Amino acid sequence: MSQSTQQILIIEDEPSIAELIAVNLTHAGYAVSRAMQSDEALSMLTTQAPDLIVLDWMLPGKSGVQFAKELRANEKYKDIPILMLTAKGEEVDKVTGLDAGADDYVTKPFSPKELIARVKALLRRYSVASEEGPLIVGPMSLDAITHRIAIHWPNQDVKNLALGPTEFRLLNFLMANPERVHSRANLLDHVWGNEAYIEERTVDVHVKRLRAALAPFDCDQFIETVRGSGYRITKTPLSQ
Ligand code: CA
């Protein structure tokens, strides 16, 4: 994916905005295709899978959020990074957008420079993850590209763990930055995005959910609460 021209699919029903994005991405060296709504996008996806999708939140027919969810649920398309476009006033819904499977978002009106920067960052994030292979902590191995988490305790069969999108991103971030203590604010920044309109206790809710999902595999012990500071993932849990 490094040598050939990267393909970006823009799904946006407002022609002027679609044009603005297309012109700027083309200038930045990307190959661009465009769809006005999700049906059209879906038929384009079957002929060529893009490296990234720029997806507008408000589309006629199926909303961008709904479409992101469907892509994430589809084995063929679930690994394509999605950059979502939101309008001002949809602040609270950004969390919904990220939960639906968008990887990042840009708020309208945006500068082309910002958009390009986000696109580049997202493509880099995905390519770095694939080059480095899965993240490993204890018996857990997480592959950010395939969205797979495998648990392999010695002398046991490998088991697969399914997580919701937020719990997945949370575990992904913790495993990418092990041993360090992360404050709730820090986790909000990295897992939810720094403009997310949510309270710090939301972090506790999702850590609790993550632990509950890990508990049947005896892996909840790797996530430690550090009193007064936050959370961390460790290869050497105290409870072991
Ligand atoms: Ca729109």
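Before any of the text, the structure's been laid out above.
Caption draft 1: Structural context of the overall build of the chain. Helix and strand counts for the chain come out as eight helices and eleven strands. With respect to the principal axes defined by its C-alpha atoms, the chain has extents near 60 × 35 × 30 Å. Looking at the chain as a whole, 45% of its 240 residues are labelled buried. Summarising the internal contacts of the chain: among those between residues at least 6 apart in sequence, 58% fall at separations of at least 24. On the chain, roughly 12,100 Å² of surface is accessible, and the fraction owed to carbon and sulfur atoms is 51%. Of note, the chain has its 26 positive side-chain charges centred 4 Å away from the centre of its 32 negative side-chain charges.

Caption draft 2: Spatial organisation of the sheet that holds strand 1 (residues 7-11). Read from one edge to the other, the open sheet built from five strands follows the order 2-1-3-4-5, with strand pairing classed as parallel. Strand pairing shows two members of the sheet lacking a second neighbour, strand 2 (31-35) and strand 5 (104-108), which therefore form its edges. Neighbour-to-neighbour, the strand axes of this sheet turn through a mean angle of 20°, independent of strand direction. With four bridges joining them, strand 1 and strand 3 (residues 52-56) adopt parallel strand pairing. In the strand pairing of strand 3, Ile11 is matched with Leu55. Along the sheet, helix 3 (residues 64-73) makes contact with strand 1, strand 3 and strand 4 (82-87), crossing strand 4 at roughly 165°.

Caption draft 3: Looking closely at the packing of helix 6 (residues 165-176) against helix 7 (residues 184-192). Relative to each other, helix 6 and helix 7 sit at 115°, their axes nearing to 9 Å. Classed by the angle they form, the pair helix 6 and helix 7 counts as roughly perpendicular. For the crossing formed where helix 6 meets helix 7, the hand is right-handed. Of the residues in helix 7, those in contact with Thr166, Arg169, Leu170, Phe173 and Leu174 of helix 6 are Asn186, Leu187, His190, Val191 and Trp192.

Caption draft 4: Structural detail: the sheet that holds strand 9 (residues 159-161). Pairing in this open sheet of four strands is antiparallel, and the strands run 6-7-8-9 from one edge to the other. Bordering the open sheet on either side are strand 6 (135-137) and strand 9, each of which pairs with just one other strand. In this sheet, adjacent strand axes meet at a mean angle of 25° when their direction is disregarded. Pairing of strand 7 (residues 140-143) with strand 8 (residues 148-151), which is carried by four bridges, proceeds in the antiparallel orientation. Residue pairing in the sheet places Met140 in a bridge with Ile151 of strand 8.

Caption draft 5: Quick look at the environment of Ser38. In this structure, Ser38 sits in helix 2 (residues 38-47). In the structure, Ser38 is positioned 24 residues away from Lys62 in sequence and 6.5 Å away in space, judged by C-alpha atoms. What Ser38 contacts, discounting residues up to four positions off in sequence, is Ile11, Leu59, Lys62 and Phe67.

Caption draft 6: Broad picture of the environment of Leu9. Within the secondary structure, Leu9 is located in strand 1. Among the residues examined, Leu9 registers a relative accessible area of 2% and is labelled buried. Once residues lying within four places of it in the same chain are set aside, the contact partners of Leu9 are Ser33, Arg34, Ala35, Ala41, Met44, Leu45, Pro50, Leu52, Ile53 and Val54.

Caption draft 7: Structural detail: the pattern of salt bridges. All told, the structure shown has 15 salt bridges when counted by the stated rule. The residue Arg118 makes a salt bridge to Asp104 at a minimum N-O spacing of 3.0 Å. Note that Arg118 is positioned in helix 5 (residues 112-132) and Asp104 in strand 5, a separation of 14 residues in sequence. We note that Arg118, like Asp104, is buried. Residue Arg201 is joined to Glu199 by a salt bridge in which the shortest nitrogen-to-oxygen separation is 3.5 Å. Among the ionic contacts, a cluster of salt bridges with common partners joins Glu12, Glu14, Asp56 and Lys108.

Basis of the calculations
- Residues numbered from 1 in each chain as written.
- Predicted model: local features only at pLDDT ≥ 70, side-chain atom pairs only at ≥ 80, totals over all residues.
- Heavy atoms only, no water.
- Helix = DSSP H or I, 4+ residues; strand = E, 2+ residues; numbered from the N terminus.
- Buried < 20%, exposed > 50% of the residue type's maximum accessible area, 1.4 Å probe, protein only.
- Contact = heavy atoms within 4.5 Å.
- Areas by Shrake-Rupley, 256 points an atom, 1.4 Å probe, with all protein chains shown as cover.
- Lys, Arg positive; Asp, Glu negative; His and termini not counted.
- Charge placed at Lys NZ, Arg CZ, Asp CG, Glu CD.
- Pairing = 2+ DSSP bridges.
- Axes fitted to C-alpha atoms, helices over the stretch in contact; angles between N-to-C directions.
- Parallel < 35°, antiparallel > 145°, perpendicular 65-115°, else oblique.
- Left-handed = near helix turned anticlockwise from the far one by under 90°.
- Salt bridge = Lys/Arg side-chain N within 4 Å of Asp/Glu carboxyl O.

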